[in-house]
Amino acid sequence: MKITPTKFAKMFVRTRNGSETAVRLGFSPEEAKELEADMLAMKSVKRAIRKLDSDDIQNLCYVKTGLSRLAFGSINDAAALLFADEPTREEVLSADLFNVSEIKKVKGGGVEMKFFDRQKALEKLVELDPELKEVSAAQEFLNAVYGGSQDMDETEIEGGDLDE
């Protein structure tokens with residue numbers, strides 16, 4: 001399989017992990033390590049990554065990408081590994097475990113897996129993105145206005161007309 005430097009760079013900017021990039025582009029975990037070293041040594045890949053990084057005006061690309069993956073990413077691979085009787089090395093290496101915050105072996109032979117908090121990731125995304133902040137502030141304002149008018153209507157109904 002042939003991969004272009006630009007394609008590798010675009011995926012690398014999202015993951016910041018060369019091996020994961022290679023796996024996501026269809027390579028086996030064993031091939032991924034070699035491809036990672038080869039691609040990251042190429043000047044054209046380094047240039048493409050620098051250009052993609054400089055295109056990000058807010059310079060928060062890495063953080064937003066990570067938070068987006070935490071907030072919206074799949075935990076299917078982690079769940080499959082958790083419930084597998086005997087996962088193979090290939091399955092473990094190719095699994096997307098980005099959302100896993102902790103893995104423990106528990107007494108009695110079980111495995112405990114903890115995931116990052118999606119709600120906290122969404123809250124941080126809102127904090128970092130001015131457009132989302134504006135939408136959030138506008139929504140809070142509308143809730144206050146409509147919530148306040150609803151309270152007023154209930155008071156009028158319960159207490160009767162205030163002019164009497």
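Residues numbered from 1 in each chain as written. Predicted model: local features only at pLDDT ≥ 70, side-chain atom pairs only at ≥ 80, totals over all residues. Heavy atoms only, no water.

Caption draft 1: Examining the environment of Leu35 more closely. Looking at where Leu35 falls in the secondary structure, it is placed in helix α3 (residues 29-41). Remark: the alpha-carbon pair of Leu35 and Thr21, spanning 14 residues in sequence, is separated by 9.5 Å. Those residues in contact with Leu35 that sit more than four places away from it in its chain are Ile3, Phe8, Ala22 and Phe27. (Helix = DSSP H or I, 4+ residues; strand = E, 2+ residues; numbered from the N terminus. Contact = heavy atoms within 4.5 Å.)

Caption draft 2: Representation of the pairing of strand β1 (residues 100-105) within the structure. Sheet topology places β1 next to strand β2 (residues 111-115); five bridges connect them, and they run antiparallel. Opposite Ile103, over in β2, you have Met113 as the bridge partner. What sits between β1 and β2 in their antiparallel hairpin is a turn of five residues, with Gly108 showing a positive phi close to 100°. (Pairing = 2+ DSSP bridges.)

Caption draft 3: How the structure looks around the packing of α3 against helix α4 (residues 43-55). Between α3 and α4, the shortest axis-to-axis distance is 5 Å and the interhelical angle comes to 75°. Classified by the angle their axes make, α3 and α4 are roughly perpendicular. Of the residues in α4, those in contact with Met39, Leu40 and Ala41 of α3 are Lys43, Val45, Lys46 and Ile49. Split by residue class, the contact of α3 with α4 holds five nonpolar, no polar and two charged. (Axes fitted to C-alpha atoms, helices over the stretch in contact; angles between N-to-C directions. Parallel < 35°, antiparallel > 145°, perpendicular 65-115°, else oblique. Nonpolar A, V, L, I, M, F, W, Y, C, P; charged D, E, K, R; others polar.)

Caption draft 4: A look at unusual backbone geometry. A positive phi is found at Arg16, a non-glycine position, where the angle reads about 60°. Positionally, Arg16 belongs in the loop between α1 (5-15) and α2 (18-24).

Caption draft 5: Expanded view of a positive patch on the surface. Positive charge collects at one region of the surface, where Lys43, Lys46, Arg47 and Arg50 lie side by side. Relative to the assigned elements, Arg47 resides in helix α4. (Patch = residues over 30% accessible without salt bridge, like charges linked within 9 Å, V, L, I, M, F, W, Y side chains within 5 Å. Areas by Shrake-Rupley, 256 points an atom, 1.4 Å probe, with all protein chains shown as cover. Salt bridge = Lys/Arg side-chain N within 4 Å of Asp/Glu carboxyl O. Lys, Arg positive; Asp, Glu negative; His and termini not counted. Charge placed at Lys NZ, Arg CZ, Asp CG, Glu CD.)

Caption draft 6: Highlighting the pattern of salt bridges. Tallied over the full model, the rule gives nine salt bridges. For Glu20, the salt bridge is made with Arg24, and the minimal N-O distance between the two is 3.0 Å. In this pair, Glu20 and Arg24 are both assigned in helix α2, four residues apart and thus about one turn of the helix distant. Here Asp96 and Arg69 are joined by a salt bridge, their closest N and O atoms 3.3 Å apart. Residue Asp96 is located in the loop between α7 (89-94) and β1, and its partner Arg69 is located in helix α5 (residues 61-72); the two are separated by 27 residues in the primary sequence. The class of Arg69 is buried, set by a relative accessible area of 15%. One continuous salt-bridge network, built from bridges that share partners, spans Glu20, Arg24, Arg69 and Asp96. (Buried < 20%, exposed > 50% of the residue type's maximum accessible area, 1.4 Å probe, protein only.)

Caption draft 7: Inspection of the side chain of Ser19 at higher detail. Counting through the fold element by element, Ser19 comes out in helix α2. Of note is the side chain of Ser19, whose polar atom sits 3.5 Å from the side chain of Lys33. Among the polar contacts made by the side chain of Ser19, one reaches the side chain of Glu36 at a distance of 2.7 Å. Ser19 has contacts with Ala32, Lys33 and Glu36, leaving out every residue within four places of it along the chain. (Polar contact = N/O pair within 3.5 Å; in protein donor to acceptor, adjacent residues only side chain to side chain.)

Caption draft 8: Up close: the packing of α5 against helix α8 (residues 118-128). Close contact between α5 and α8 brings their axes to 8 Å; oriented N to C, the two are set at 145°. As α5 packs across α8, the resulting crossing turns out to be left-handed. From α5, Val63, Lys64, Leu67, Ser68, Leu70, Ala71 and Phe72 reach across to α8, where they touch Arg118, Ala121, Leu122, Lys124, Leu125 and Leu128. When its residues are assigned to classes, the contact of α5 with α8 shows nine nonpolar, one polar and three charged. (Left-handed = near helix turned anticlockwise from the far one by under 90°.)

Caption draft 9: Broad picture of the nonpolar core. One finds Ile3, Phe8, Leu25, Phe27, Leu35, Met39 and Ile49 to be the most contacted residues of the largest nonpolar core, which totals 15 residues. Mapped by element, the contributors of at least two residues to this core are α1, α3 and α4. The dominant element in this core, judged by the number of residues it contributes, is α1, at five residues. Leu70, Ala71, Ala121 and Leu125 belong to the second largest nonpolar core, which has five residues in total. (Core = buried A, V, L, I, M, F, W, Y, C linked by side-chain atoms within 4.5 Å.)

Purely spatial values, then, with no claim about function.
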